[in-house]
Amino acid sequence: MTIERPAARPANPRFSSGPCAKPPTFELNKLADAALGRSHRAAVGKDKLKAAIEGTRELLGIPADYRIGIVPASDTGAVEMALWSLLGERKVEMLAWESFGAGWVTDVVKQLKIDADVKTADYGQIVDLASVDFNNDVVFTWNGTTSGVRVPNGDWIADDRAGLTICDATSAAFAMDLPWDKLDVTTFSWQKVLGGEAAHGMLILSPSAVERLESYTPAWPLPKIFRLTKGGKLIEGIFTGATINTPSMLAVEDYLFALDWARSVGGLQGLIARADANAQAIFEFCDQNDWIDNLAEDPATRSNTSVCLKFTDPRIRDGASFAKAVAKRLEAENVALDIGAYRDAPAGLRIWCGGTVETSDIQAMLPWLKWAFEAEIAAQAAAA
Ligand SMILES: Cc1ncc(COP(=O)(O)O)c(C=O)c1O
């Protein structure tokens, strides 16, 4: 039996969870104004770096007294800079429910060897947020990109906390509401929701985080690339565009383009609405098909960016090879690229739904997913 291919194809088959699809209006020649071959410390370079910082503040609604810095090594660089610079002053609580959160646990427990209370949950679940003690510093990931599980909101974070909250928000920023008064350190990378380029991370500090930086010196050495203070004072230049080392001005131009595009779709609320509509199309597809389900168990924790799916059909014999084969069929048809589950996550698919993805492309791709599933079930039966 041949299973008929759907008639329509997505205009853009890019559903990778990072680097994510470029904004729909992107063309390389739109970066022609990049300050290439110029010093990033010349006025032209500095102005662009400052525009990247202030555009971020404006679009994300970040309070005026929060510092925003462009730092090296993408989101990982921003998170590790914060962990190495701020932690050790008090006990730490580490919250992890997927691979990236687990990576930060390794940093804190095995590398920094800090006294930490580690709370973990399996893929698809979330830790007990009500049990968090905010006398401690708390490290968590807003959206677990590899399980598609996010915190539902920031209500669980104490207003009168004594410790700091350190939040890896790389697959949440520009797609979810982030309550800035609850977040002392927030990080993200340009390569995620806005479809920018990797290499640079954004480090956002509350006044409390700055106070910690200026009053506490960690016991371990800090490489230059992590140093945020000099002589016990914050290096303010980092937060006005005087980066620690040389940034890519091409990546900066690309980010400025992405910010402009974000404004054109209604800013943060427009971006959230786009991600919500994309994710909703997939949620409805799961409701309509009894062979596929969201990996995130509690609907309140379901990501609207990295939507992770599991196959639930009892006929499937080897879940991992089945999911890989489905993803391979979709890639071969050029209807969905890079949608295999993350290497450490349970077998399944992960479909990026951030705002740069068009809902019409998700809708055009889903019948193909059904086609690939049925084709693979048939192939499995034929091989038996
Ligand atoms: C939650 C989370 N943290 C960290 C990272 C690492 O980001 P980067 O490669 O930009 O450093 C990712 C990348 O997918 C992520 O999803």
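Residues numbered from 1 in each chain as written. Predicted model: local features only at pLDDT ≥ 70, side-chain atom pairs only at ≥ 80, totals over all residues. Heavy atoms only, no water.

(A) Spatial organisation of the pattern of salt bridges. Taken as a whole and judged by the stated rule, the model has 21 salt bridges. With its nearest N and O atoms 3.2 Å apart, the salt bridge here joins K48 to D33. Of this pair, K48 sits in helix 1 (residues 43–60) while D33 sits in the segment before helix 1, placing them 15 residues apart in sequence. For D33, a relative accessible area of 54% corresponds to the exposed category. Look at the salt bridges and you will find they share partners, linking E89, R90, D137 and R212 into a network. (Salt bridge = Lys/Arg side-chain N within 4 Å of Asp/Glu carboxyl O. Helix = DSSP H or I, 4+ residues; strand = E, 2+ residues; numbered from the N terminus. Buried < 20%, exposed > 50% of the residue type's maximum accessible area, 1.4 Å probe, protein only.)

(B) Just the domain arrangement of the chain, in detail. Domain annotation for the chain reports domain 1 (31–263) and domain 2 (267–383). Computed over C-alpha atoms, the centres of domain 1 and domain 2 are 29 Å apart. Residue-level contacts link 29 residues of domain 1 with 26 residues of domain 2. Between domain 1 and domain 2 lies a buried interface of about 2,200 Å² when both sides are counted; carbon and sulfur atoms form 58% of it. Interface area lost by domain 1 to domain 2 is led by Y123, R150 and W261, which between them contribute 21%. Linking domain 1 with domain 2 are 0 salt bridges. Those elements that place two or more of their residues in the side of domain 1 that touches domain 2 are helix 1, helix 3 (99–111), strand 5 (143–144), strand 6 (149–150) and helix 5 (249–264). Looking at which element gives the most residues to the side of domain 1 that touches domain 2, the answer is helix 5, with 3 residues. Partitioned by chemical class, the residues of the side of domain 1 that touches domain 2 number 14 nonpolar, 11 polar and 4 charged. (Domains from an automatic or database assignment. Contact = heavy atoms within 4.5 Å. Buried area = accessible area lost by both parts, 1.4 Å probe. Nonpolar A, V, L, I, M, F, W, Y, C, P; charged D, E, K, R; others polar.)

(C) Layout of the site of the ligand. For the ligand, the set of nearby residues contains 13 residues, the closest of which are S74, T76, T145, D168 and K192. One of the side-chain N or O atoms of S74 is found 2.5 Å from an oxygen atom in the ligand. At a separation of 2.6 Å, a nitrogen atom of the ligand approaches a polar side-chain atom of D168. When isolated, the ligand has an accessible area of 390 Å², and the protein chains bury 86% of it. Of the residues forming the shell around the ligand, the biggest block, 3 residues, is contributed by helix 2 (residues 74–86). Among the residues forming the shell around the ligand, the class breakdown is 2 nonpolar, 8 polar and 3 charged. (Near = heavy atom within 4 Å. Polar contact = N/O pair within 3.5 Å; in protein donor to acceptor, adjacent residues only side chain to side chain. Areas by Shrake-Rupley, 256 points an atom, 1.4 Å probe, with all protein chains shown as cover.)

(D) Inspection of the sheet that holds strand 14 (residues 349–352) at higher detail. Strand order in this open sheet of 3 strands is 12-13-14, and the pairing throughout is antiparallel. Each edge of the open sheet carries a strand with a single partner, namely strand 12 (292–294) and strand 14. Strand-to-strand twist across the sheet, computed as the mean angle between neighbouring axes with direction ignored, equals 35 degrees. Where strand 12 lies against strand 13 (residues 306–311), 3 bridges are found, and the strand directions are antiparallel. Of the residues in strand 13, the one forming a bridge with I292 is F311. Each of strand 12, strand 13 and strand 14 touches helix 8 (residues 359–383); the most contacted strand, strand 14, lies at about 170 degrees to it. (Pairing = 2+ DSSP bridges. Axes fitted to C-alpha atoms, helices over the stretch in contact; angles between N-to-C directions.)

(E) Expanded view of the nonpolar core. Of all hydrophobic cores here, the largest spans 93 residues; its most connected members are F140, W142, F174, F311 and L369. Counting contributing residues per domain, this core is built from domain 1 (31–263) and domain 2 (267–383), each supplying no fewer than three. Setting aside residues up to four positions removed in sequence, F174 forms contacts with L59, L60, F188, V193, L194, Y255, L259, L268, L271 and I272. Counting 34 residues, the second-largest nonpolar core is a separate cluster that includes A78, L83, W84 and L213. (Core = buried A, V, L, I, M, F, W, Y, C linked by side-chain atoms within 4.5 Å.)

(F) A look at the environment of M81. For M81, the location among the structural elements is in helix 2. The buried category is assigned to M81, whose relative accessible area is 0%. For the pair formed by M81 and D298, sequence separation is 217 residues and the distance between their alpha carbons is 32 Å. For M81, the contacting residues outside a window of four places in its chain are V71, L203, I225, F226, L228 and I244.

(G) Fine view of the side chain of N143. Along the polypeptide, N143 turns up in strand 5. Owing to a relative accessible area of 1%, N143 belongs among the buried residues under this scheme. A polar contact of 2.8 Å, which involves the side chain of N143, links it to the side chain of S303. If we skip the residues at most four places from it in the chain, N143 touches V149, R150, D168, S171, A172, M176, S303, T305 and S306.

(H) A look at unusual backbone geometry. The step from G18 to P19 runs through a cis peptide bond, and the omega angle for that step is -5 degrees. Along the chain, P19 falls in the segment before helix 1.

(I) Structural detail: the pairing of strand 9 (residues 200–205). Within strand 9, 6 of the 6 residues are buried, which leaves it mostly tucked inside the rest of the structure. Inspection of the sheet shows strand 1 (residues 67–72) paired to strand 9 by 6 bridges, in the antiparallel sense. Following the sheet pairing, I70 is matched in strand 9 by M202. Where strand 8 (residues 185–189) lies against strand 9, 5 bridges are found, and the strand directions are antiparallel. Each bridged residue has a counterpart across the sheet, and for T186 the counterpart in strand 9 is I204.

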